[in-house]
Amino acid sequence: MQNTNSTTETNSRAYNYYGQKPKGDIESREVNKNPTPRANNARQLYFDTKSSVSIEFPYWYTRRWEALEGEVTIVRRAEALKAGFEHMTPVIFPGELLVMGKAQYLRGSYPLPWLSEAFFMAKEDELYTQALEAGKVSADQVTTMGQGGGNVTQSAGNVISIAGKFGLRKEEMPMLLKVAKKWHNKSVDDVGHKYEQMVPNYKEKEEIMRAVICMFDSGYTLPQGREVMNYFYPLQYGIEEIKNICNERINEVAGYPGMDRVYFYKAVRTTLEGIQAWIRNHAEEARNMASLEEIEHRKNEYLEIAQRLDRLSTNPPSDFHDALQLVWIFHVAVLNEDAISGLSPGRLGQVLYPFWKRDMERGVLDREKTIELLEYMRIKFTELDCFASMGVVGGVLSGNTFNNLCIGGLTKDGANAANELEMLILESGMTCDTPQPTLSLLYDEKLPEEFLLKGIECTKIGTGYPAWVSNRVAMEFLMTNYKDEGMALEEARAWSIGGCLETSPGSWMPLDLDGEIHWIPGGSAPATSVGVHFLSLPKILEAVLFDGKDMRTGRQVYPSHGSKLDTYDQIWNTFKDYFSRSVEVLTLTNNIQHDIWGKISPSLVNSMLKPDCLEIGKDISNQGSRYNRTFNVEICGGVNLVNSLASLMKNVFEEKHFTLDELKAALRENFGYKSALETGSYSLTEQVKTEEYRKWLKIHKLCLDAPKYGNDDNYVDSIFREWQEWFSEMCLDYKSIYDKPLYSCQISVSTHGPMGAVTVATPDGRLCGTTFADGSVSAYPGTDNNGPYALFNSATCYNHALSQNSQLNMKIHPSAVKGREGSRKFLEMIRAYLRKGAFHVQFNIVDSRMLREAQNNPDEYRGLMVRVAGFTQYWVELGKQIQDEVIARTEYEEV
């Protein structure tokens, strides 16, 4: 084994390997498949398109909202949404099999000023200047965006860059500012901010945000998402019948106690009217395109689109193509009511299987047409953009939208749930490899070998999907945390992944097709990742070591603890105190933000879809969903924290190699290296020494040589286990707005980049500004020296069902899993890990040298994708912080 863990001087090209270092040319991925011509053309059009901002929807929404001053809020909200849908310019691109999108642009999105109006203001605008004074924009300032692909990172010519990603035509900026200013002191952000200041210790919350100890507020930034869609109602009833259900319910409850139900049903009906107009406008546009088309088969395609949309504006679907189009319409409709990431289609192959099977039996659909439709579905999901601040879009999402499609798992009665359509979903994920929707395989021992090997084949092409997730661990988590709301074994089987990796409750819905009942799974909870969004554990440890201060800014974040930190226990207990203070104040302010969101901007489309909102007449912010214990505490940098604690225990307190003061001096001086922010290199493998390097060399080497997580070493793994068990237990002490305990959540997404950027050197030897370890149970790059099975033992040293998730990312050289034998070895390795009680593992099958080549020559690798942390993204659209971290991950040459 070769381990290139040591830091090196600039311009070196170090990689971290386990096994024999690869020789010869860069090795490409084993499997290469091609999309159908139609999908290939659509993907190329996507590659040539930039992310663009439209102001149509916010303009008409705001105009209608203002006109209805004094109306019941939820009805006013519905009328505003209706106006937005009605006035969206219908656009149909040539060759589309599925139509409609978030805006008139191919990669279109729009700001939602009713949530937050300040962060996208022009910098010279007075409101933006006021916003800069708050801690909540600090993450924007330390986030890097990918410089290639569809990101509009700089203003040029007639295009203004917003949030480092989106382009807006310069002539539209005055209207955007005019609309945004109408929401000043009225948006969820502004009203929530006014009331959150009533929370005791609020000033501490601002300092926590300013220090980027917490990544962002969830109440106005991403109030929905990280959840699973439920498509049952439109698939079963169609839009017109759902409106009739609303009318019937109004007749039943009008004038009786609980009048809010009347307003809810009226609001749902009004919103559906807007969606119907939106669909019909696109049908009319299809007819218009047909009238202009001279080629006969294209003319017929436009007419078929028009006929399909006319049907679906009123009726339930009549075939598989209809069903897929209707699913897409309602998916986008939910996205258009809020700033949302992680709105997952869930187990879509099982939802649509009854329609697909019927069409196949009737001979009106074949395998080739199915693949073409599924490929086009992938293109449409990939076109989605989420408009938010740079800190969120780049620092959390990496430009991704986390639409997770799950396959496998169990049926309602506990049988294998995999089906032929899911095999084709895997196939289309290989022929048309796009970032969205990402795939997750819900591993269960009952799944057939053929299905699992198909999943392996897909993983080997290098897309990073499917992720492999334990069905058993997820069900155990759900039955523990949702038992008070009635979760039992049968219902737990309906679960799916919401967002990149959030375990989300589901329910079985009775789809009646031709008189036969098919129990289809769908989401039955609101966002399962709202709460405290990403606490930086190494940054909190920094505050502990330096008496409550942020060493980057010099500001006092926490009250001075005044302790000399003479023992390891004093450090550990002070850390727990600072962490608990953070969770407490952020939980309270988050509860206020979510309460205000429900009052100003309640969900209507998503509420209508989620059981049991339509049945009981309550939206999701009023606990209309079947399951509501969805608030959590998310963390980042856990492995760096644990490695740092191990270094402190061993070097300072047990073996006394140096004093704590000597270590703190070394941390302040970054062990004699330049900061990553100075060099622009964010992994430990490539840093620049200063003249003071040798002064700190001994301390740095001892920190690097201290026990590291990922090597099946109980010295450090016992610290990891103690942290995990304490964290999951302490979350129960805090309550959500719904008076339900929080639970722990452990994913990094992309936060380990910007959060590492603001953190000084740490006692594990990590340097200032460099990226943290990714995921939650991934080893820090280059420190897992004993092979994958040692890493598995470390990762499963605690019970994964204590938390909403765990996350393990691994990088494997293509040669290690080559051929049929390599596939079986690969599957057995995954099985071994999941059978040990693990929740999740995902892979990059790639030669690290290719990633470096792609970093240097991005134009030659436009279609290259990598797995980051729960999601796949085009390499050129990732920020350099994350690119450097992925390159530095240990590459396994053996499995």
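Please read all numbers here as calculations on a predicted model, not as lab measurements. (Residues numbered from 1 in each chain as written. Predicted model: local features only at pLDDT ≥ 70, side-chain atom pairs only at ≥ 80, totals over all residues. Heavy atoms only, no water.)

**Considering the packing of helix H12 (residues 260-292) against helix H14 (residues 320-335)**
Running from N to C, H12 and H14 point in directions that differ by 120 degrees, and their axes come no closer than 12 Å. By the angle class used here, H12 and H14 are oblique. Taken as a pair, H12 and H14 cross one another with a handedness that is right-handed. For the pair H12 and H14, the contacting residues are Leu 272, Ile 275, Trp 278 and Ile 279 in the first and Ile 329, Phe 330, Val 332 and Ala 333 in the second. (Axes fitted to C-alpha atoms, helices over the stretch in contact; angles between N-to-C directions. Helix = DSSP H or I, 4+ residues; strand = E, 2+ residues; numbered from the N terminus. Parallel < 35°, antiparallel > 145°, perpendicular 65-115°, else oblique. Left-handed = near helix turned anticlockwise from the far one by under 90°. Contact = heavy atoms within 4.5 Å.)

**Some points on empty space enclosed by the protein**
Over the atoms a probe the size of a water molecule is rolled, and this reveals where empty space is left. Applying the stated criterion across every chain yields a total of 16 cavities of 30 Å³ or more. Taken as a whole, the second largest cavity spans an internal volume of roughly 150 Å³. Residue lining of the second largest cavity: 19 residues in total, with Met 100, Gly 101, Lys 102, Ala 103 and Tyr 105 positioned closest to the centre. For the lining of the second largest cavity, the per-class residue count stands at 10 nonpolar, five polar and four charged. (1 Å grid on protein atoms, 1.4 Å probe; cavity = no way out; pocket = protein on both sides within 12 Å on 5 of 7 lines; lining within 4 Å. Points joined across faces, edges and corners; volume = space filled by probe spheres on them. Nonpolar A, V, L, I, M, F, W, Y, C, P; charged D, E, K, R; others polar.)

**A word on the packing of aromatic side chains**
Between two aromatic rings, the relevant description is the distance of the centres plus the angle of the planes. Summed over all chains, the structure comprises 39 aromatic pairs. When the ring of Trp 572 is compared with that of Trp 726, the centres are 6.0 Å apart and the planes differ by 65 degrees; the resulting orientation is edge-to-face. Remark: Trp 726 occurs in helix H31 (residues 714-730) and Trp 572 occurs in helix H24 (residues 568-600); sequence separation between them is 154 residues. The rings of Phe 57, Tyr 61, Trp 65, Phe 85, Tyr 110, Trp 114, Trp 183 and Trp 278 are connected pair by pair, giving a single aromatic cluster. The ring of Tyr 715 is capped by Lys 650, whose NZ or CZ atom sits 5.2 Å from the centre of that ring. Positioned over the ring face of Tyr 693 is Lys 689, at 4.4 Å from the centre of the ring. (Phe/Tyr/Trp six-rings, centres within 6.5 Å; stacked < 30°, edge-to-face > 60°. Lys NZ or Arg CZ within 6 Å of the ring centre and 35° of its normal.)

**A short note on the pattern of salt bridges**
Inspection of every chain in the model, using the stated rule, returns 50 salt bridges. Between Glu 490 and Lys 412 there is a salt bridge; the shortest N-O distance is 3.2 Å. Taken together, the positions of Glu 490 in helix H22 (residues 489-492) and Lys 412 in the loop between strand E9 (404-408) and helix H19 (420-431) put the pair 78 residues apart, joining distant regions of the chain. The partly exposed category is assigned to Lys 412, whose relative accessible area is 22%. Salt bridges here are not isolated pairs; linked through shared partners, they connect Lys 33, Glu 427, Lys 454 and Glu 457. (Salt bridge = Lys/Arg side-chain N within 4 Å of Asp/Glu carboxyl O. Buried < 20%, exposed > 50% of the residue type's maximum accessible area, 1.4 Å probe, protein only.)

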